Every structure is written in structure tokens, then in C-alpha cells.
Amino acid sequence: LFPVAHIRVLGIPTYWSEAAILCSFIALGCLSWNQYSHQCKKLLLEERPLFFFATLFVFGVLLAYSSQPHSFSGLGEIKSFYLLPILFLIGILIFGMTVEWLECMAFAWFLATVTTALAAALAASAGWILYDGRLAGTYLSPNYLAMLIAPGALFAVYFFQSPKWMSYRWLIGVALVLILGVLWMTHSYAAWLALGAAIGVQSFFNQRQLRLNGAWFVLPVLIVGLFFIAEMGSSKWESLVTGSERSSLASRIMIWQSAVSIAADAFPFGIGPGRFQEMYLAYEAYFPPYLEWAVPTPHNLYLHFLLEGGVFTLIGWIGCV
């Protein structure tokens, strides 16, 4: 459901991916309640630190929401970005008790990223390219698409070297090429670097199985290097390397400076969920004219959680990680 995850279910303020999470929990609870409840109790005992930090994570946001001006959009963010993802995590922990089930879920995730990449490639062939030449597919930003499909490349590397999937290697190879092609079309530099680093770490820990020896370092450098070589000469690349005042990096730095200032004034409880855009515009008077005005998030996960739920949510997030 990733390609349609942003579409509401029949106008109800619940999205398709959220409805799928809720329906699976209801179905599994009805079909095997005794085993289900037993697994939940077992998990709470075994994963006490994780659930403590997850509780702290949500508590901070609820506290910030209750102490700041309320809004329905803020409640929607709590549901979509805090409560349901934790419910999804609990589902993975309950039903991922064996390697076989973990591989099954990983393969489902891999297929979802391939489907998303295919949908984005079809969108590109139909001319759905942004004014700056980047591909976003059906999403609000090319970075959203890049972050969504990047894990698919890691799964492809994993399944490609697994003996169980030996007869499907050519299909996995085609899927990997598709994902990397769409990822390149997003022109999301941070996603490229993150993927290169992740493939490097993955290859390092699996070098014996992959028989890579020293190639674990060469492989990610080669992939990311080819991306950047192909990118040279583009307007985004030129604005970045020349230090243009209107580059995406300069814009990010301005957003971060504003976010840090807001966080300092709202310390320790934060501004509450869904209020960054409003606060960001209110703080424009303290900075030079903004390069970007439509900025719903601070473009940094740690700043985001510090702002939305204060120190409790930030500590909860770091603890979960």
C-alpha cells in the first residue's frame, strides 16, 4: 500500500497504510487471542527498556500537545506519526520471533519498495517530473520517495546473496537496478550517501558470505561515486559546489537555525505536534528573508522530536534507537 499510503480511506481521516495496521491487529486478535495476548505479555517482559523509552517518546508529545494550542491536525499527527508506528513495531516484534518470519516480512517490505519504484518509474515516463528535474512520484517531495525506496536496495543485496533465493537472482538484480535508477532520478544526495554507508556496513558484516574480502568498501563507493559523477553539471550540483546562497544546503542551514532558535525558546516541553510551519513563519523576523516558506518540518529528525515533544520525546527516541 506504499504507493497509495497518502490517500485517505473513503474520506475518513485514516490512510490506507494505517487502516491496514489496524485491520491486521483486529484480525489477528480475533483469530488467535490467547496466543496473541501471551506474546504481548512476553514481549513486555523481554523488551522492558524498549517499551519504557517508547512510552517516554509518546508521553512527551501528549504533554506538549496538552500544554500548547490544540488542533485536529495535531491529533492526526499523534495518531499517524507516534501511536500507529509503535503499534506496527509491536506487531513486527510479536510475529517476527523466528528467522523465517523475519525474512517473510523483509521480503514483503522489499516487494513494497519495488512496487513503489515501479510506480515512480511509470510516473516519470508519463512526464511527472518536478520543475527542477527531480522525480517525486506521487509524494510531496523527492526526498520522501528516496527515503521510502532506499531500504529496498539493502534488501536486494541481502536476498541476492541468500542461497534460498538463488534461482530468483536475476529478478532481484532487475529490481535492484530499478530501485537504484529511481533513486538516482530523485537527486537526493543525502539518501545516496546514507545508502552507500549502509551498503558498506552491510557488506562488511557479510563479507565472508559474500566473499567480498576488501570489496566491501569499494562496492558502496562505486555505487555512490557513479551517482555523483552522473550528477555533475546539473543545476543542483553547481549550486552546491559553488556555495550558492540559494542552494538546497543553504536553505537547510537557514531552516535548522530557525528550528534551533524555536527549540531554545520552547525548552523543555517543545511546541507540540504539527506547529512547526506556524512557528517557523513567526520567527522569520529574527532572520534574513527565508529561502523557503513552505516548511512543515525542520528537516532533521532529532530537532523534529525535540520540537514536537521536548526533551522527553527526544530521550525516548534516542533510547529506542
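It should be emphasised that the depicted structure is a prediction, and the values quoted were computed from it without experimental measurement.

So, on to the overall build of the chain. When helices and strands are counted, the chain shows 14 helices and 2 strands. Here the C-alpha radius of gyration of the chain, 21 Å, is about what a compact globule of 321 residues would show, namely 20 Å. Expressed along its principal axes, the backbone C-alpha trace of the chain runs to roughly 60 × 60 × 40 Å. The burial tally for the chain puts 40% of its 321 residues in the buried class. Contacts in the chain between residues far apart in sequence, at least 24 positions, make up 65% of those at least 6 positions apart.

Tallied over the full model, the rule gives 1 cavity of 30 Å³ or more. Here the largest cavity is characterised by a volume of approximately 50 Å³. Surrounding the largest cavity, Pro3, Thr116, Ala119, Ala120, Gly137, Thr138, Tyr139 and Leu145 form its lining. Tallying contributions element by element places helix α5 (residues 99–125) first for the lining of the largest cavity, with 3 residues.

This next bit is on helix α12 (residues 248–266). In a regular helix each residue adds 1.5 Å, so 19 residues correspond to 27 Å; α12 covers 27 Å between its end C-alpha atoms and thus fits that length. The set of residues buried in α12 consists of Ser251, Met254, Ile255, Ser258, Ala259, Ile262, Ala263 and Ala266. On its buried face, α12 is in contact with α13 (276–282) and α14 (301–320).

Moving on to the pattern of salt bridges. According to the stated counting rule, one finds 3 salt bridges in the structure shown. Put simply, Glu18 and Lys79 hold a salt bridge, and the shortest N to O gap is 2.9 Å. You can see Glu18 sitting in helix α1 (residues 16–31) and its partner Lys79 sitting in helix α4 (residues 72–95), a full 61 residues away along the chain. Owing to a relative accessible area of 7%, Glu18 belongs among the buried residues under this scheme. Accessibility expressed as a relative area gives 21% for Lys79, which makes it partly exposed. Between Lys164 and Glu103 there is a salt bridge, with its nearest N and O atoms 3.5 Å apart. Of this pair, Lys164 sits in the loop between α6 (142–161) and α7 (169–186) while Glu103 sits in helix α5; the two residues are 61 residues apart in sequence, bridging distant segments of the chain. What makes Glu103 buried here is its relative accessible area of 11%.

Let us look at the side chain of Glu308. The topology assignment puts Glu308 in helix α14. Of the side chains with opposite charge, Arg275 comes closest to the buried, unpaired Glu308, at an N-O distance of 9.5 Å. Discounting residues that sit within four places of it in the chain, Glu308 has contacts with Val61, Ala64, Glu77, Tyr82, Gly272, Pro273 and Gly274.

What follows is about a nonpolar patch on the surface. Taken together, the side chains of Val218, Leu222, Leu226, Ile229 and Met232 make up a nonpolar region of the molecular surface, amounting to roughly 510 Å² of accessible area. Its place among the elements puts Leu226 in helix α10 (residues 215–231).

Next up on the list: the nonpolar core. Formed by 32 residues in total, the largest nonpolar core has its most connected members in Phe110, Leu145, Ile149, Phe159, Ile179, Val182 and Leu183. At the level of secondary structure, the elements contributing two or more residues to this core comprise α5, α6, α7, α8 (189–205) and α10. In terms of residue count, the dominant contributor to this core is α6 (9 residues). The residues contacting Phe159, other than those within four sequence positions of it, are Glu103, Ala106, Phe107, Phe110, Trp165 and Ile172.

Parameters and conventions
Sequence order sets the numbering: in each chain, residues are counted from 1 along the sequence as written. Reporting in this predicted model follows two pLDDT cut-offs: at least 70 for local features of residues, and 80 or more for side-chain atom pairs to be given and counted; totals over whole chains, interfaces and linings ignore these cut-offs and use all residues. Side-chain measures here rest on the full set of heavy atoms in the structure, leaving out hydrogens and waters. Working definition: helices are DSSP H or I runs of at least four residues, strands are E runs of at least two. Numbering for both runs from the N terminus. Radius of gyration: C-alpha atoms only; globule rule: 2.2 Å multiplied by the number of residues to the exponent 0.38. With a 1.4 Å probe rolled over the protein chains alone, any residue whose accessible area is under 20% of its type maximum counts as buried; one over 50% counts as exposed, and the rest are partly exposed. Residue contacts are defined here by distance: any two heavy atoms, one from each residue, within 4.5 Å place the two residues in contact. Points on a 1 Å grid over protein atoms alone make up a cavity when a 1.4 Å probe fits among them but cannot get out, and a pocket when they form an open set with protein on both sides within 12 Å along at least five of seven lines; lining residues each have an atom within 4 Å of a point. Grid points are joined across faces, edges and corners, and a volume is the space filled by probe spheres set on the points. Here a helix's expected span is defined as the number of its residues, less one, multiplied by 1.5 Å. Any Lys or Arg side-chain nitrogen found within 4 Å of a carboxyl oxygen on Asp or Glu counts as a salt bridge. Asp and Glu are treated as the negative residues and Lys and Arg as the positive ones, with His and the ends of the chain left uncounted. Candidate patch residues must exceed 30% relative accessible area and have no salt bridge, after which like charges are joined if within 9 Å and Val, Leu, Ile, Met, Phe, Trp or Tyr side chains if within 5 Å. To be clear on the numbers: accessible area is Shrake-Rupley with a 1.4 Å probe, and residue cover counts the displayed protein chains and nothing else. Remark: nonpolar core denotes a set of buried residues (Ala, Val, Leu, Ile, Met, Phe, Trp, Tyr, Cys) joined through side-chain atoms within 4.5 Å.

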